[in-house]
Amino acid sequence: MNVDISFFIIPFILFPFRYFFVQNKWQKLLILVSLLVIAYHSIWALATAILLSFLVFVVINKFQKFKWVALFIIVLGFIFLKSGFSGILLLGYAYYSLQLISILIIPPKNFQFSEVVFGTIFYPRFFSGPILKNNQIILTSDIHKDLKVGTLRLVLGLCKIFILSNRLDFMISGYFEHSSEINNSLLALISSLLFTVQMYLNFSGFTDIAIGLARVLGVELPENFDLPLRSKNMSEYWRKTHITLINWFTQFVFYPIVYRFKNTPKFALVLSTFLVFILSALWHNIQFGFIVWGLLNAFFIVTEYFLKIENKLPRFIGIVYVFLVVSFANYFFKIGDFETIQQSLKILFNVNFFPQNFMADVVAILGKGGYLEQQYHLLETLVLLIVFLSFESKIQHWCKSTKYPIMFIFTGLYLLFIFGNFAQTNQFIYLQF
Amino acid sequence: MKQEILLQLQKIFKDFFKEETLQINCGTNAKDIVSWDSFHHIQLISIVEEKFKIKFSVFELADLNNVGDLVNCIHQKLP
C-alpha cells in the first residue's frame, strides 16, 4: 500500500484555516479530516480504529475490571493482522493498537472520547507511526514557525526517500530478488550494508514526512530516530532507532520484567532483552527471518553487556562494528522466509569472498545490467549517500532551526527535481507493518 | 525538602555509577551519564527505594526522564 498525493497536500490546504480556529475547534476539524483521509484509503480500517477506540474508552471509564478482555481483543486483532488474512482492513493497526494498549494499562484521568479517537486516527501518523505516548497529541500554537519547520521537515523526508532510498532500492533489488542464485559473498555484504542504510533512510524519511505534515497542522509528533548509524554499541543503536516503538516495549515489557526479577539482575536482563526483541520481531511480521533478526539483536546487546565492551570501543571501530552487526541481522529481516535464507546462506558460505570479475559480478548487478549509464547512476548514488551521511547531523540541525527556511526548502526541492527517482513501487517500507 | 532529596541522590548516583566527580542537578538525564541505560535505571531505582523506604509503581519508571522527575516522585511518596 502507498499513500497518494492528497496525503501531502491536505495540510497546506488546511493551513490558512488555522488563523480562524481556536484550538478546540481546530482539533475537531483535524479529527474530521483524518476520518475522511483514512476512509478514503480504507473504510474498514477506519471502522476498526473507531470501534477499538470506543471499546477502550468505555472500558477505562466504566468497566476497568474488563481491561484484560479488551487487551485480549486487541492482541487477537494483531494476530489476525499478522496472519496475512486482513489485507487493508487493519491498516495502521500495528501502530495505534500499541497506543490503545498503553492507555488500557495506565488509564489517563479525564480522557474524552474525542481525545482517544484523535490519538488513534490522526492521519499523518496513522499509517506508520510514530507511536504516541499515552495516545496523547500535543498541539502547538506558533503558526508561522510550524509552517516553516514543518515544510522543511517534509522536504527532508521526501529527499531521503526519493533521492536516496529509492536509488538504493534500485541497486540492492538486483541482489535480493535473486539472493538464492547469486554465489558472491562480497555482493551479499555490500547489498546488506546498503539495505541497512536504505531501510533507515526510508523509514526515517517517512517519519520526517509525518512529523512535517503534522507540524503544519499544528501538532508536534515525537521523534523516532536520532542518528542511529553513528552509534558505537548496540544498546545505543536501539536507543536511537524506532525510538517510539522501543520506548513502548521498554515501558510495558522490559521494565516490568527487570523490576520483577531485580534480585537476579543478569537473568532479568537476558529474559527481558530477548522477550522485547522477539515481540518486536513478531510486531513486524510472524516469519522466520524476523525471529532470527530479533534473536540476533538481543544476543548482541546481552553479549555486549556481559563482556562490558559497551563503552570501551574507540568510536570509529564501534560505529563499524554496529553497522556490520545490524546489517547481518537485517539480512534475515529482508529475506524473511526460511527456505530462501537457507539456500542463500548455503551459497554464501560455500564460495570465495571476492568475485572473479568485479565489474560483472558486483557492479553490473548493483547497476541492473551494468551499462555505462547505470554505472554512472550507481556512482552518483554512492556520492550522494556519502555526502548526506557525512553532513546528516548538520542537515538535521538546519531542518529544526528557522533560519533561512525558504533557501533550504528550495534547495531540497531543486535536489529532488534533479536527483529524485520516482519510479519505485516500494516507496514506504514501513507502511507494510 | 526537595534540595535535601537531591543531596541524597547525589551520593547515591556517585556510588552507583562509580564516578567521584559526578555532579547532578534536576536537569540531569540519561544522555548526561553514559552508563544510565534502561537496565541500570531499574537497579538505580531499587537503591533509591531502599534508601528512601518508598515503592515505585513499575509503570512510573518510564516517566522518570531526569533527576528532577525522580526528586518530585520521591517527594510525593515520602510521608
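Sequence positions are assigned chain by chain, starting from 1 and proceeding in written order. Chains carry letters from A onward and ligands carry numbers from 1 onward, assigned in written order. Local features are withheld for residues below a pLDDT of 70 in this predicted model, meaning they are given only at 70 or higher, and side-chain atom pairs are given and counted only at 80 or more; totals for whole chains, interfaces and linings count all residues.

**Student:** Go over the overall build of chain B, please, and point to the residues and values.
**Tutor:** Runs of E in the DSSP output that reach at least two residues are strands. Runs of H or I that reach at least four are helices, and both are numbered from the N terminus. Across its full length, chain B carries 3 helices and 0 strands. Reading chain B from its N terminus to its C terminus gives the helix and strand order α-α-α. Atoms counted for the radius of gyration: C-alpha only. Globule rule: 2.2 Å times residue count to the power 0.38. Computed over the C-alpha atoms, the radius of gyration of chain B is 11 Å, within 12% of the 12 Å expected from 2.2 N^0.38 for a compact globule of 79 residues. Here the C-alpha coordinates of chain B stretch approximately 30 × 25 × 20 Å along the principal axes.

**Student:** Tell me about the overall build of chain A, and please be specific about residues and values.
**Tutor:** From N to C terminus, chain A includes 19 helices and 2 strands. The C-alpha radius of gyration of chain A comes to 22 Å, within 12% of the 22 Å expected for a compact globule of 433 residues. Overall, chain A is about 70 × 55 × 45 Å in size when its C-alpha atoms are taken along their principal axes. Three exposure classes are used, based on other C-beta atoms lying within 10 Å of a residue's own C-beta, which is placed from the backbone: buried for 20 or more, exposed for 12 or fewer, and partly exposed in between. For chain A, the residues scored as buried account for 42% of the 433 residues in total. Summarising the internal contacts of chain A: among those between residues at least 6 apart in sequence, 75% fall at separations of at least 24. Residue pairs qualify as contacts under a 7 Å threshold applied to their C-beta atoms, which are placed from the backbone.

**Student:** Can you lay out helix α2 (residues 38-52) of chain B for me, pointing to particular residues and giving the numbers?
**Tutor:** All names here are of chain B. Multiplying one less than the number of residues by 1.5 Å gives the expected span of a helix. Taking 1.5 Å per residue as the helical rise, α2 with its 15 residues ought to reach 21 Å, and the 21 Å between its terminal C-alpha atoms agrees with that figure. Within α2 the residues assigned to the buried category are Ser38, Phe39, Ile42, Leu44, Ile45 and Val48. A positive backbone phi angle near 55 degrees is found at Lys53, which sits one or two residues after α2.

**Student:** Account for the nonpolar core, naming residues and giving values.
**Tutor:** Definition of nonpolar core: a set of buried Ala, Val, Leu, Ile, Met, Phe, Trp, Tyr and Cys residues joined via C-beta atoms within 7 Å. Core analysis: the largest hydrophobic core is formed by 121 residues, its most contacted members being Val56 and Leu104 of chain A. Not counting chain neighbours up to four residues away, the residues in contact with Val56 of chain A comprise Ala70, Leu100, Ile103, Leu104 and Val116 of chain A.

**Student:** Residues and numbers for the environment of Leu415 of chain A, please.
**Tutor:** Residues and elements named next belong to chain A. In this structure, Leu415 sits in helix α19 (residues 405-419). Accessibility expressed as a C-beta count within 10 Å gives 16 for Leu415, which makes it partly exposed. Taking the C-alpha atoms as reference points, Leu415 and Ser165, 250 residues apart in sequence, are found 14 Å from one another. When sequence neighbours within four positions are dropped, the list of residues in contact with Leu415 reads Cys159 and Ile163.

**Student:** How would you explain the packing of helix α9 (residues 185-216) of chain A against helix α16 (residues 358-366) of chain A if you had to name every residue and give the values?
**Tutor:** Residue and element names in this part refer to chain A. Viewed as axis vectors pointing N to C, α9 and α16 meet at an angle of 25 degrees, and their least axial separation amounts to 9 Å. It follows from the interaxial angle that α9 and α16 lie roughly parallel. Crossing handedness for the pair α9 and α16: right-handed. Facing Leu186, Leu187 and Ile190 of α9, the residues of α16 in contact are Asp361, Val362 and Ile365. Amino acids outside the nonpolar list (Ala, Val, Leu, Ile, Met, Phe, Trp, Tyr, Cys, Pro) and the charged list (Asp, Glu, Lys, Arg) are all regarded as polar, and Gly is one of them. The class makeup of the residues in the contact of α9 with α16 is 5 nonpolar, no polar and 1 charged. Where helices are involved, their axes are fitted lines through C-alpha atoms of the stretch in contact, as for all axes, and angles between N-to-C directions lie from 0 to 180°. Any angle between 65 and 115 degrees counts as roughly perpendicular, while under 35 counts as roughly parallel, over 145 as roughly antiparallel, and the rest as oblique. The crossing is said to be left-handed when, going from far helix to near helix, the turn is anticlockwise and less than a right angle, and right-handed when the turn is clockwise.

**Student:** Give a detailed account of the packing of helix α11 (residues 243-260) of chain A against α2 of chain B, specifying residues and quantitative values.
**Tutor:** Between α11 of chain A and α2 of chain B, the least distance of the axes is 10 Å, while the angle of their chain directions is 50 degrees. Regarding the angle of α11 of chain A to α2 of chain B, the classification is oblique. Taken as a pair, α11 of chain A and α2 of chain B cross one another with a handedness that is right-handed. Counting all contacts with α11 of chain A, which are made through Thr250, Phe254, Tyr255, Val258 and Tyr259 of chain A, the residues of α2 of chain B involved are Ser38, Phe39 and Ile42 of chain B. When its residues are assigned to classes, the contact of α11 of chain A with α2 of chain B shows 6 nonpolar, 2 polar and no charged.

**Student:** Talk me through helix α8 (residues 143-176) of chain A; I want residue IDs and the actual numbers.
**Tutor:** The angle between axes fitted to the seven-residue stretch ending at a residue and the seven-residue stretch beginning at it gives the bend at that residue. Roughly 35 degrees is the biggest bend found in α8 of chain A, and it falls at Ser165 of chain A. α8 of chain A sits mainly inside the fold: 28 of its 34 residues count as buried.

**Student:** Please provide a residue-by-residue account of the environment of Pro16 of chain A, values included.
**Tutor:** All names here are of chain A. Structurally, Pro16 can be placed in the loop between α1 (6-14) and α2 (23-41). The class of Pro16 is exposed, set by 9 C-beta atoms lying within 10 Å. It is 9.9 Å that separates the C-alpha atoms of Pro16 and Leu217, two residues lying 201 residues apart in sequence.

**Student:** For unusual backbone geometry, give the residues involved together with the corresponding values.
**Tutor:** All names here are of chain A. With omega at 5 degrees, the peptide bond leading from Gly129 into Pro130 counts as cis. Located in the positive-phi region is Asn110, a residue other than glycine, with phi close to 50 degrees. Residue classification places Asn110 among the exposed residues on the basis of 6 C-beta atoms within 10 Å. Of note in this structure, Leu227 is not a glycine but carries a positive phi near 50 degrees. Looking at the secondary structure, you find Leu227 in the loop between β2 (219-220) and α10 (234-240).

**Student:** Lay out the confidence of the model for chain A with the relevant residues and their values.
**Tutor:** Every residue is assigned a pLDDT by the predictor, reflecting its confidence on a scale from 0 to 100. Summarising the model, chain A shows a mean pLDDT of 87, and 94% of its residues fall at 70 or more. Considering each helix and strand of chain A separately, the mean pLDDT is smallest for α16 of chain A, with a value of 75, and largest for β2 of chain A, with 94.

**Student:** Account for the environment of Phe13 of chain B, naming residues and giving values.
**Tutor:** All names here are of chain B. With respect to the helices and strands, Phe13 occurs in helix α1 (residues 2-17). Sequence separation of Phe13 and Lys2 is 11 residues, and the distance between their C-alpha atoms is 16 Å. The contacts of Phe13, once residues within four sequence positions are left out, are Leu22 and Ile24.

**Student:** Pulling in residues and values, what's your account of the confidence of the model for chain B?
**Tutor:** Segments scoring low in pLDDT should not have their predicted coordinates read at a detailed level. Residues and elements named next belong to chain B. When pLDDT is averaged along chain B, the result is 88; 100% of the residues meet or exceed 70. Confidence scores differ between elements of chain B, with α2 showing the lowest mean pLDDT of 89 and helix α3 (residues 67-77) the highest of 91. Quick note on the complex model: pTM equals 0.90, ipTM equals 0.86.

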